[in-house]
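Chain and residue survey
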Amino acid sequence: MLFNAVNKNWRLYCFIGALFLYGLWGSPTPNNPNWVEFTIALLLILAVGGRDLYAAFKISWKDKVENWRLTAQIFLIFGLSVPVMIAVLNGAPIDIIFRDIVGFVFLCLPLFIVPFLKRQEGHSCLFINLCMMIGLMFAARVLIPHFLLFRNTTELLYLANSPLVLMSALYLAAMAFYFLYQRVSLRTVIQALIYMSLASIAIMAMFVDLQRASFLALALSAFSLIIIGLMKAPMRMVAPIFVIVLSASFVAPYILDVMQNVGLKTSQVGLNMRTQELLAVWDNLSASGWSILFGQGWGSSFASPAVGMLNVTYTHSLLSYIFFKMGLVGLFLCLVYLFFIFEKLVRVYCTDPVKGTALIWPFIIPIFLYASHKSFDFGLLLSLILLSAALLHKEAKT
């Protein structure tokens, strides 16, 4: 019986192993992939299986397919053909082409793993917990960089930039106050303390790297949830607001320290020249109408004002990155793909504000501000949004 159970769920075990290994030793955007990345890739391929890999590329016009999936399939096929041909014609370095393609496949990750996770009941809930596990593991690796179990290299890992770290902080903190919002008892107080302690790990990791957008997301999320709570049940908000005020009074010196450091960073680097970066992308593309339409292909680089005019192969916004690599055609497909996912996200937010708040900022920030859109984490987050929407829809029907 045990053998049959293992044989039945071996794909799930491969998937869990890949995510656990990623959280413990992986890097969102590794410069020098090693055995860790190759093992994760192998486990993911085994987990997804040949049928779902084939189905990701097979466009069926007759069968009823969700809008996001059809758009993602067209986007994937376009991204693995036109930008690759342009890259080859331009003589781009093979290793940089490969890295760009891997980052692009991560962007289309829901095509591969959402069908697999939706196939069996319970996988979606497990996936949510696995994503939070990765976020907390990354946060712990930021706070304890020399712990022997963790990968300790001179490479910049940008772990605190991970969308899953922010998602974990938002979800765990929101759930902590949601327990008190439901009812004040010994059990809910203990639950709130546990969740808030875990959320603090992720928040402290963001403090180490001074993630300004993440701090703003935390503040706006707290404000929006308080407003929603007051509108729905004002009396239930007494305990959560009291705890928030009491907690803020204890950590006030740390909050002031964060604000001072954020202000100092802003005075030194401003808004990291995102507008100038977009203008630099346009300058590179505007010399040719074909470049405007189809981009400069994978592996292309430009002198970015956001990093002191060094030649880089990425931008800090997903939209400008896709525009640079894939042109207006690719940007249009990307926007449509993201729109259908955002539509699902809005439904999650309206049904479950706690989960929606935890997902919306990690979704928005990489699109406009951070280069974490090239990471495995962002693909996991997109998959999590789609699975959360499907789970809520299923619960509503039952």
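The structure displayed is predicted, hence computed values, not measured ones.

Each value, and the rule that gives it
Residues numbered from 1 in each chain as written. Predicted model: local features only at pLDDT ≥ 70, side-chain atom pairs only at ≥ 80, totals over all residues. Heavy atoms only, no water. Helix = DSSP H or I, 4+ residues; strand = E, 2+ residues; numbered from the N terminus. Areas by Shrake-Rupley, 256 points an atom, 1.4 Å probe, with all protein chains shown as cover. Buried < 20%, exposed > 50% of the residue type's maximum accessible area, 1.4 Å probe, protein only. Axes fitted to C-alpha atoms, helices over the stretch in contact; angles between N-to-C directions. Parallel < 35°, antiparallel > 145°, perpendicular 65-115°, else oblique. Left-handed = near helix turned anticlockwise from the far one by under 90°. Contact = heavy atoms within 4.5 Å. Nonpolar A, V, L, I, M, F, W, Y, C, P; charged D, E, K, R; others polar. pLDDT = per-residue confidence, 0-100. 1 Å grid on protein atoms, 1.4 Å probe; cavity = no way out; pocket = protein on both sides within 12 Å on 5 of 7 lines; lining within 4 Å. Points joined across faces, edges and corners; volume = space filled by probe spheres on them. Phe/Tyr/Trp six-rings, centres within 6.5 Å; stacked < 30°, edge-to-face > 60°. Lys NZ or Arg CZ within 6 Å of the ring centre and 35° of its normal. Patch = residues over 30% accessible without salt bridge, like charges linked within 9 Å, V, L, I, M, F, W, Y side chains within 5 Å. Salt bridge = Lys/Arg side-chain N within 4 Å of Asp/Glu carboxyl O. Expected span 1.5 Å × (residues − 1). Core = buried A, V, L, I, M, F, W, Y, C linked by side-chain atoms within 4.5 Å.

This part takes up the overall build of the chain. Tallying secondary structure elements over the chain gives 18 helices and two strands in all. Looking at the chain as shown, the accessible area adds up to about 20000 Å², and 71% of this sits on carbon and sulfur atoms.

Most of helix α7 (residues 110-118) sits inside the fold, with eight of its nine residues counted as buried. Residues Pro110, Leu111, Phe112, Ile113, Val114, Pro115, Phe116 and Leu117 constitute the buried set of α7.

A few words now on the packing of helix α3 (residues 35-57) against α7. Where α3 meets α7, the closest approach of the two axes is 9 Å, and the angle between their N-to-C directions is 120°. Regarding the angle of α3 to α7, the classification is oblique. In this structure, α3 crosses over α7, and the sense of that crossing is right-handed. Taken together, the residues of α7 that come into contact with α3 (itself represented by Ala47, Val48, Asp52, Leu53, Ala56 and Phe57) are Leu111, Phe112, Ile113, Pro115 and Phe116. Across the contact of α3 with α7, the residue classes tally to 10 nonpolar, no polar and one charged.

Next up on the list: the confidence of the model for the chain. Averaged over every residue, the pLDDT of the chain is 86; the share at 70 or more is 87%. Looking over the chain, one finds the lowest element-wise mean pLDDT in helix α1 (residues 2-8), namely 43, and the highest in helix α16 (residues 318-351), namely 96.

Turning next to the layout of surface pockets. Size it by volume and the second largest pocket reaches roughly 920 Å³. Mapped onto the lining of the second largest pocket, the elements with two or more residues apiece are α3, α6 (94-107) and α7. For the lining of the second largest pocket, the element with the highest residue contribution is α3, accounting for nine residues. Along the lines of polarity and charge, the residues of the lining of the second largest pocket split into 23 nonpolar, five polar and four charged.

Quick look at the packing of aromatic side chains now. One pair of aromatic rings is described through two measures. These are the centre distance and the angle between the planes. Throughout the structure, instances matching the rule amount to 18 aromatic pairs. Geometrically, the ring pair formed by Phe106 and Phe376 is tilted, given 5.3 Å between the ring centres and 50° between the ring planes. Here Phe106, found in helix α6, pairs with Phe376, found in helix α18 (residues 376-397); they are 270 residues apart in sequence, far enough to count as distant. An aromatic cluster is built from Phe75, Phe104, Trp298, Tyr321 and Tyr337, whose rings are joined through pairwise contacts. A cation over a ring is seen here: Arg236 above Tyr181, with NZ or CZ 5.6 Å from the ring centre.

Right, let's get into a nonpolar patch on the surface. Together, Leu143, Ile144, Met204, Phe207 and Val208 make up an exposed nonpolar region whose accessible area comes to about 400 Å². The leading source of residues in the nonpolar patch is helix α10 (residues 186-208), at three residues. Note on placement: Leu143 falls in helix α8 (residues 123-143).

Once that is clear, we can look at the packing of α6 against α16. It is the contact of α6 with α16, at a shortest axis distance of 13 Å, that shows an interaxial angle of 25°. In terms of axis orientation, α6 runs roughly parallel to α16. Where α6 crosses over α16, the two elements pack in a sense that is right-handed. Every residue of α16 that contacts α6 at Asp100, Phe104 and Leu107 is listed here: Leu318, Tyr321, Ile322, Lys325, Met326 and Tyr337. Its residues assigned to classes, the contact of α6 with α16 shows seven nonpolar, no polar and two charged.

Right, let's talk about the pattern of salt bridges for a bit. Summed over the entire model, instances satisfying the criterion amount to seven salt bridges. For Glu66, the salt bridge is made with Lys118, and the minimal N-O distance between the two is 3.6 Å. On the criterion of sequence distance, the pair formed by Glu66 in the loop between α3 and α4 (67-79) and Lys118 in helix α7 is long-range, its members being 52 residues apart. What makes Glu66 partly exposed here is its relative accessible area of 32%. Lys118 gets classed as partly exposed once you look at its relative accessible area, which sits at 41%. The closest approach of N and O atoms between Lys325 and Asp100, which form a salt bridge, is 2.8 Å.

This part takes up the environment of Ser200. Position of Ser200 relative to the elements: it lies in helix α10. Counting along the chain gives 31 residues from Ser200 to Ala169, while the straight-line C-alpha distance between them is 7.2 Å.

Okay, the environment of Ile86 next. Within the secondary structure, Ile86 sits in helix α5 (residues 82-90). Residue Ile86 is classed as buried on the basis of its relative accessible area, which comes to 17%. For the pair formed by Ile86 and Phe294, sequence separation is 208 residues and the distance between their alpha carbons is 8.5 Å. In contact with Ile86, other than residues within four places in its own chain, are Phe294, Gly295, Gln296 and Gly297.

Moving on, we come to helix α11 (residues 212-232). Along an α-helix, residues three or four apart share an orientation, since each turn contains 3.6 residues. Between its terminal C-alpha atoms α11 stretches 30 Å, which fits the 30 Å expected from 21 residues at 1.5 Å a residue. All of the buried residues in α11 are Arg212, Ala213, Ser214, Phe215, Ala217, Leu218, Ser221 and Gly229.

Below, the discussion takes up the nonpolar core. Judged by nonpolar contacts, the single largest core of 108 residues is most densely connected at Phe15, Phe75, Phe127 and Leu380. No other element matches the 16 residues that α16 contributes to this core. If we skip the residues at most four places from it in the chain, Leu380 touches Leu19, Leu109, Ile113, Phe127, Cys131, Ile134 and Leu164.

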